[in-house]
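Okay, here's what each chain looks like letter by letter:
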Protein chains: 4
Amino acid sequence: MSAIAFIGLGQMGAPMASRLLAKGHSLTVYDINRAAMEKLAKEGAKKASQPSQAANEAEFVITMLPDGAIVREVLFGVHGVTETLKKSALVIDMSTIHPLESEKLHYDMTQAGFSYMDAPVGKTSDHAVTGTLTILAGGTDQQIARAEDVLLCMGSEMIRCGGTGNGIKVKIVNNFMSIALNALSAEAAVLCEAMALPLDKAIQVMSGTVAGKGHFTTSWPGKVLAGDLSAAFMIDLAHKDLNIALNVAGQLNVPVPLGAAAREVYSQARACGRGKQDWSALLTHVRTLCGLRQTVE
Amino acid sequence: MSAIAFIGLGQMGAPMASRLLAKGHSLTVYDINRAAMEKLAKEGAKKASQPSQAANEAEFVITMLPDGAIVREVLFGVHGVTETLKKSALVIDMSTIHPLESEKLHYDMTQAGFSYMDAPVGKTSDHAVTGTLTILAGGTDQQIARAEDVLLCMGSEMIRCGGTGNGIKVKIVNNFMSIALNALSAEAAVLCEAMALPLDKAIQVMSGTVAGKGHFTTSWPGKVLAGDLSAAFMIDLAHKDLNIALNVAGQLNVPVPLGAAAREVYSQARACGRGKQDWSALLTHVRTLCGLRQTVE
Amino acid sequence: MSAIAFIGLGQMGAPMASRLLAKGHSLTVYDINRAAMEKLAKEGAKKASQPSQAANEAEFVITMLPDGAIVREVLFGVHGVTETLKKSALVIDMSTIHPLESEKLHYDMTQAGFSYMDAPVGKTSDHAVTGTLTILAGGTDQQIARAEDVLLCMGSEMIRCGGTGNGIKVKIVNNFMSIALNALSAEAAVLCEAMALPLDKAIQVMSGTVAGKGHFTTSWPGKVLAGDLSAAFMIDLAHKDLNIALNVAGQLNVPVPLGAAAREVYSQARACGRGKQDWSALLTHVRTLCGLRQTVE
Amino acid sequence: MSAIAFIGLGQMGAPMASRLLAKGHSLTVYDINRAAMEKLAKEGAKKASQPSQAANEAEFVITMLPDGAIVREVLFGVHGVTETLKKSALVIDMSTIHPLESEKLHYDMTQAGFSYMDAPVGKTSDHAVTGTLTILAGGTDQQIARAEDVLLCMGSEMIRCGGTGNGIKVKIVNNFMSIALNALSAEAAVLCEAMALPLDKAIQVMSGTVAGKGHFTTSWPGKVLAGDLSAAFMIDLAHKDLNIALNVAGQLNVPVPLGAAAREVYSQARACGRGKQDWSALLTHVRTLCGLRQTVE
């Protein structure tokens, strides 16, 4: 069992700390909210008056905080963790913060001689209570191997995302995708209803197509991801069908801002000469515009 | 075996007509492109000089044409199908046309005493060749029952989409969703690359979450579709995470127009007082703005 | 005074026709709405039973119709204008229709040996009544010279937009700009109010800057339009300021979809290496992406 | 002449400080860049080793810094301005920072017993050199009266924007508008070129219409700003004309993301029952969606 400093006892942090206690770890906790500390103290945690005090004897320091500025304050501020932390300890930031702030924290911690990794979590506070979170671990193989037992007290699954920083990067991309997809799905669903098409029928059909299953594992692997831009479904035709849908939406007064933005991307791809390429070539198009190295043309 | 008039022998129509011939049906074909007709004639089809001639003896008339104006011309124009068509025949429009044009055609055909249904297809011309298209059938139960054998010569699967017009509506919604989703997926993928996060790692993670699996069958059924807007994941938090992602994208100069449009929808939902509701409540938000009946608040 | 056929007596067409009568021209009118014809007949117009009859003796044919398909029908349909029109007459389409449809009509009319120009109008039906419309004339110098007296019966100003088709093109671009600008202005105004900033104060300031005066005649002429992309105001700084505004809007839940879309364009321009160029270089950026010839880099 | 502490000697700050020296004020300067301080010292400024030292004797403290976090550090950090500042002094923040950060700084300064106002500047570094900036003054009448002589050493015009915080708010709204308008203008201009319409002709026309002159002082004052939503130009017609333009843009592959976003706002306004209202009612529509008090319906 390990000596762990746990800093940040909010809606997610509190049940995560409870799980570590329940699994037999020795915990010292800190939060600006005293009541949150008291609750954990009743479960057996020691209370610290400052982050530096919490970190004093720790093998692991876990931070679960609202944003990157607060993580930085906790680590490097007055009475911060680094004032007392042993160089042999491992700091694991499990917060959802800005990836570029995380990168800077990693750099500064490394420069100061400390070991730092990121491990944000997926799912909800209900899963935190039951210890069934998904852990997105970013760190060296050694860091992850060392942290694994501790992390799996809080989660039922740990995904190795690559080097330090990749955990939080994966989380941000994943949430970008799912949150925007939710808005796009609402557009499609309301378009159904406005056309008097039963949503369950549309969902039934889309569940069997790329509309419901997504492109990452269906239309992309054999085409753009394999370097093949020959058309299974041409960008020109995608543009045409999207135009029909936008026209219908306009006539029925269904606002479809994401669909409208998408058409402009297809228009641009056509202007760049990609009309006869496979629709998955949209990835190549966007990559090229961003100045990323072109592996497939 | 049936007497079928097949009008429109393009990239999709020609192989579909071939399949019908191969299955033993008696075909009369028409296309403005004479070469396309000759090719089918060699396979056993009769050639017509006008749509009206093609339709003369037909039990079924199948149209596979570029747009709604052409379908209308073929049916109601000079030398059009309706000049000769028997009232007992069934017209099946398999084209991808504007759903509101399709609706109008259905109305006009019905007024004129003819039987009309829509059955656009999913998948590609390769599947047309092998007769493995997905048929999206819109029509009455009787129409679909009558057409089923004919349609399944061209496709390996037929989905009953409900009444006439629903086939084309399902197709348009499905394509709206998949085509816009492709653009959104490209944004997420390029964001990965700009952050130096391996795309395969991100895809691996997203394949297990709603980012890859979509909302229709995961996050929506137990919440908004069941009338429950209590938060599993709050709109406020979705807004916050999306802000982080957009901030990263801005710093790395990755254009994310769909993601940016999505944030504005979440901002609007928050302005309307939905910040503490489940993110699936975005559907209710968009429905409400469109003046659709509110079943769940 | 001239013999004029006037076809299309709607909200705009009816008062325009009245003006021509009041100025002493000899009018034959046609509309599918008989009541509209009766009204003009009381003012002295002859009624035609078909477009072809109206055009029979005309030196000028003026069309003021809802869309391009109807203009085409009126000109080339059964009992259409071209059945009887003299080759020496001039057809003036004053409708607001799709520019590419207008282009096709011009081509077809010219092929058939007729003289055709476009002259859509600016302003409202109130101005039609008082004959103070703005006329956007597209045609050859000779056509415009010939039509000028007739057109200026209906409008107080005539702008020569260049060759045939340019009238309708100018109108569409002008309306695109003003209609979208209205939506952008609403975003800025609501952002003011959400920040508790009096709108009249903001309008006072913006009226003196490019925000209110526009770019076409202020920031562009000396820079991008003169081939100078050196920065008076860098794209990087515009990106930064826009980020601040979007951040404020997000915190205050003001949806700013146009502002959000704009940021993505600036991000893209930066990704293409234009961050240190003048903000007017956004024009060069968009031109380049469209594959237009690059005159300034 | 006044004793002024000037903190922040960047591209804008350095020439502004020079102007104050040239006008005879007594300046103590501070910047983390020693070379920048040396340059001002040669012009007669005293150098400070810390913000607190610079502020020690000052009647005015002027800050011209990159962002709000740095302004806060300079005022409240270790060796910050507030360690030594006299309660009778006036702090003038001329930086372009986040309005909500500015608001918080104002609150904290006032709580600490200090006098604080904001006065960001318009125009460019060339104008800073010649002392012809536009000053956007936010503060009480007394603060502005006291600061006016000092501020007008740096600018040729001072606009009273209302109470403290309004200067920076006006600047952010103004820049939001002008920066997004630049992107919209590029869309219109490229649409011209793609249609082979000379840009100078289009600019000539638009300069005389609301497209070039903006809505704030033309189409809005007599309508929405006066509480009159009766239609001079209906939202339905604006929607129709915008659809034509977007259709043209799509056919010509001109990406128009702002125009596309605008159409969705008009669709939404129509869905909310505003189709027959004046297009300026879009302002009312957006205000209502944001939950702002409705003064006009």
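The rules behind these values
Residues numbered from 1 in each chain as written. Chains lettered and ligands numbered in written order. Predicted model: local features only at pLDDT ≥ 70, side-chain atom pairs only at ≥ 80, totals over all residues. Heavy atoms only, no water. Least-squares fit on C-alpha atoms with pLDDT ≥ 70 in both. Contact = heavy atoms within 4.5 Å. Pairing = 2+ DSSP bridges. Helix = DSSP H or I, 4+ residues; strand = E, 2+ residues; numbered from the N terminus. UniProt positions renumbered as here; feature names shortened; annotations may be inferred. Buried area = accessible area lost by both parts, 1.4 Å probe. Salt bridge = Lys/Arg side-chain N within 4 Å of Asp/Glu carboxyl O. Polar contact = N/O pair within 3.5 Å; in protein donor to acceptor, adjacent residues only side chain to side chain. Nonpolar A, V, L, I, M, F, W, Y, C, P; charged D, E, K, R; others polar. Buried < 20%, exposed > 50% of the residue type's maximum accessible area, 1.4 Å probe, protein only. Right-handed = clockwise from strand over helix to strand, strands pointing away. Phe/Tyr/Trp six-rings, centres within 6.5 Å; stacked < 30°, edge-to-face > 60°. Axes fitted to C-alpha atoms, helices over the stretch in contact; angles between N-to-C directions. Parallel < 35°, antiparallel > 145°, perpendicular 65-115°, else oblique. Left-handed = near helix turned anticlockwise from the far one by under 90°.

- The name given to chain A in an unreviewed UniProt entry is Sulfolactaldehyde 3-reductase, with Tenebrionibacter intestinalis as the source organism.

### Describing the relation of the copies chain A and chain D
Part 1 of the reasoning: Overlaying chain A on chain D yields an RMSD of 0.0 Å, the required transformation being a rotation through 180° with an accompanying axial translation of 0.0 Å. The operation mapping one copy onto its partner corresponds to a two-fold rotation axis. Residue Ala260(A), judged by its C-alpha, is the member of chain A lying nearest the rotation axis, at 2.9 Å.
Part 2 of the reasoning: Take the interface residues of chain A: 100% of them recur as interface residues in chain D, which is what a same-surface contact looks like.

### Notes on the sheet that holds strand β5 (residues 90-93) of chain B
Within a sheet, neighbouring strands are paired by backbone hydrogen bonds and run either parallel or antiparallel to one another.
Residues and elements named next belong to chain B.
Part 1 of the reasoning: Reading across from one edge, β3-β2-β1-β4-β5-β6 is the order of the six strands in this open sheet, with parallel pairing throughout. Each of the sheet's edge strands pairs with one partner strand only, and the pair in question is β3 (46-47) and β6 (115-118).
Part 2 of the reasoning: Pairing between β5 and β6: four bridges, direction parallel. Bridge pairing in β6 places Ile92 opposite Met117.

### Focus on the UniProt feature "domain: 6-phosphogluconate dehydrogenase NADP-binding" (unreviewed entry) in chain A
Part 1 of the reasoning: Mapped onto this structure's residue numbering, the UniProt feature "domain: 6-phosphogluconate dehydrogenase NADP-binding" (unreviewed entry) falls at residues 4-161 of chain A.
Part 2 of the reasoning: When the span residues 4-161 of chain A is considered, its composition is 40% helix and 23% strand, and the gap between its end C-alpha atoms is 23 Å.

### Comments concerning the interface of chain A and chain D
Part 1 of the reasoning: Each partner contributes to the interface: chain A provides 17 residues, whereas chain D provides 17 residues.
Part 2 of the reasoning: For the pairing of chain A and chain D, the buried interface totals around 1,200 Å² over both sides, and the portion due to carbon and sulfur atoms is 54%.
Part 3 of the reasoning: Taken together, chain A and chain D are joined by zero salt bridges.
Part 4 of the reasoning: Inspection of the region where chain A meets chain D yields six residue pairs in polar contact (both at pLDDT 80 or more).
Part 5 of the reasoning: Of all the secondary-structure elements, those providing two or more residues to the side of chain A that touches chain D are α11 (235-252) and α12 (257-271) of chain A.
Part 6 of the reasoning: Partitioned by chemical class, the residues of the side of chain A that touches chain D number eight nonpolar, six polar and three charged.

### Structural notes on the pairing of strand β8 (residues 133-137) of chain C
Residue and element names in this part refer to chain C.
Part 1 of the reasoning: Within β8, five of the five residues are buried, leaving the element largely enclosed by the surrounding structure.
Part 2 of the reasoning: As paired strands, strand β7 (residues 121-122) and β8 are joined by two bridges and run antiparallel to one another. Bridge pairing links Gly122 to Thr134 in β8.
Part 3 of the reasoning: By the bridge criterion, five bridges tie β8 to strand β9 (residues 155-160) in an arrangement that is parallel. In the strand pairing of β9, Ile135 is matched with Met158.
Part 4 of the reasoning: Assessed by its sense of winding, the connection that carries the chain from β8 through helix α7 (residues 141-151) to β9 is right-handed.

### A closer look at the environment of Asp236(C)
All names here are of chain C.
Part 1 of the reasoning: Tracing the sequence through the fold places Asp236 in helix α11 (residues 235-252).
Part 2 of the reasoning: Sequence separation between Asp236 and Ser207 is 29 residues; the distance between their C-alpha atoms is 25 Å.
Part 3 of the reasoning: A distance of 2.8 Å separates polar atoms of two side chains, one belonging to Asp236 and the other to Lys276.

### A few points about the UniProt feature "domain: 3-hydroxyisobutyrate dehydrogenase-like NAD-binding" (unreviewed entry) in chain A
Part 1 of the reasoning: The feature "domain: 3-hydroxyisobutyrate dehydrogenase-like NAD-binding" (unreviewed entry), as given by UniProt, occupies residues 165-284 of chain A in the numbering adopted here.
Part 2 of the reasoning: Each end of residues 165-284 of chain A is marked by a C-alpha atom, and these two atoms are 25 Å apart; helix forms 65% of the span and strand 0%.

### Here we look at unusual backbone geometry
Part 1 of the reasoning: With a phi close to 60°, Asn253(C) is a non-glycine residue in the positive phi region.
Part 2 of the reasoning: Checked against the element boundaries, Asn253(C) lands in the loop between α11 and α12 (257-271).
Part 3 of the reasoning: Residue classification places Asn253(C) among the buried residues on the basis of a relative accessible area of 13%.
Part 4 of the reasoning: Unusually for a residue other than glycine, Lys123(D) sits at a positive phi of about 75°.
Part 5 of the reasoning: Tracing the chain through its elements places Lys123(D) in the loop between β7 (121-122) and α6 (125-130).

### Some details on the pairing of strand β5 (residues 90-93) of chain A
Part 1 of the reasoning: With burial as the criterion, each face of β5(A) is covered, one bearing Leu90(A) and Ile92(A) and the other bearing Val91(A) and Asp93(A).
Part 2 of the reasoning: Between the parallel pair strand β4 (residues 60-63) of chain A and β5(A), the chain is carried across by helix α4 (residues 68-76) of chain A, and the sense of this crossover is right-handed.

### Description of the packing of aromatic side chains
Part 1 of the reasoning: One pass over the full model with this rule turns up eight aromatic pairs over all chains.
Part 2 of the reasoning: Where Phe216(A) meets Trp220(A), the ring centres are 5.4 Å apart and the plane angle is 85°; that geometry is what we call edge-to-face. Across this residue pair, the class does not change: Phe216(A) and Trp220(A) are buried.
Part 3 of the reasoning: Taking the centre distance of 5.0 Å and the plane angle of 90° together, the rings of Phe233(D) and Trp279(D) count as edge-to-face. Of the two residues, Phe233(D) sits in the loop between α10 (210-213) and α11 (235-252) while Trp279(D) sits in the loop between α12 (257-271) and α13 (281-289), which places them 46 residues apart along the sequence.

### Description of the interface of chain A and chain B
Part 1 of the reasoning: Across the boundary between the two partners, chain A contributes 91 residues, which contact 90 residues of chain B.
Part 2 of the reasoning: The junction of chain A with chain B conceals about 7,800 Å² of combined surface from both sides, 77% of it contributed by carbon and sulfur atoms.
Part 3 of the reasoning: Ranking the residues of chain A by area buried against chain B places Phe176(A), Ile179(A) and Asn182(A) at the top, with a combined share of 9%.
Part 4 of the reasoning: Applying the counting rule to chain A against chain B returns two salt bridges.
Part 5 of the reasoning: Measuring nitrogen to oxygen at the nearest pair gives 2.7 Å for the salt bridge that ties Arg287(B) to Glu193(A).
Part 6 of the reasoning: The interface formed by chain A and chain B holds 27 residue pairs in polar contact (both at pLDDT 80 or more) in total.
Part 7 of the reasoning: At 25 residues, helix α8 (residues 166-194) of chain A tops the list of elements feeding residues into the side of chain A that touches chain B.

### Observations regarding the side chain of Ser185(B)
Part 1 of the reasoning: By secondary structure assignment, the location of Ser185(B) is in helix α8 (residues 166-194).
Part 2 of the reasoning: Residue class for Ser185(B) comes out buried when judged on its relative accessible area of 1%.
Part 3 of the reasoning: A polar contact is formed between the side chain of Ser185(B) and the backbone oxygen of Leu181(B), at a distance of 2.7 Å.
Part 4 of the reasoning: Residue contacts for Ser185(B): discarding those within four places in its chain leaves Met177(A), His215(A), Phe216(A) and Trp220(A).

### A few points about the packing of α8(A) against helix α13 (residues 281-289) of chain B
Part 1 of the reasoning: It is at 9 Å that the axes of α8(A) and α13(B) come closest, and there the two elements cross at 45°. Here α13(B) runs oblique to α8(A), going by the angle between their axes. Helix-helix and strand crossings are classified by hand; for α8(A) and α13(B) the assignment is right-handed. Taken together, the residues of α13(B) that come into contact with α8(A) (itself represented by Asn182(A), Ala183(A), Ala186(A), Ala189(A), Val190(A) and Glu193(A)) are Leu282(B), Leu283(B), Val286(B) and Arg287(B).
Part 2 of the reasoning: Its residues assigned to classes, the contact of α8(A) with α13(B) shows seven nonpolar, one polar and two charged.

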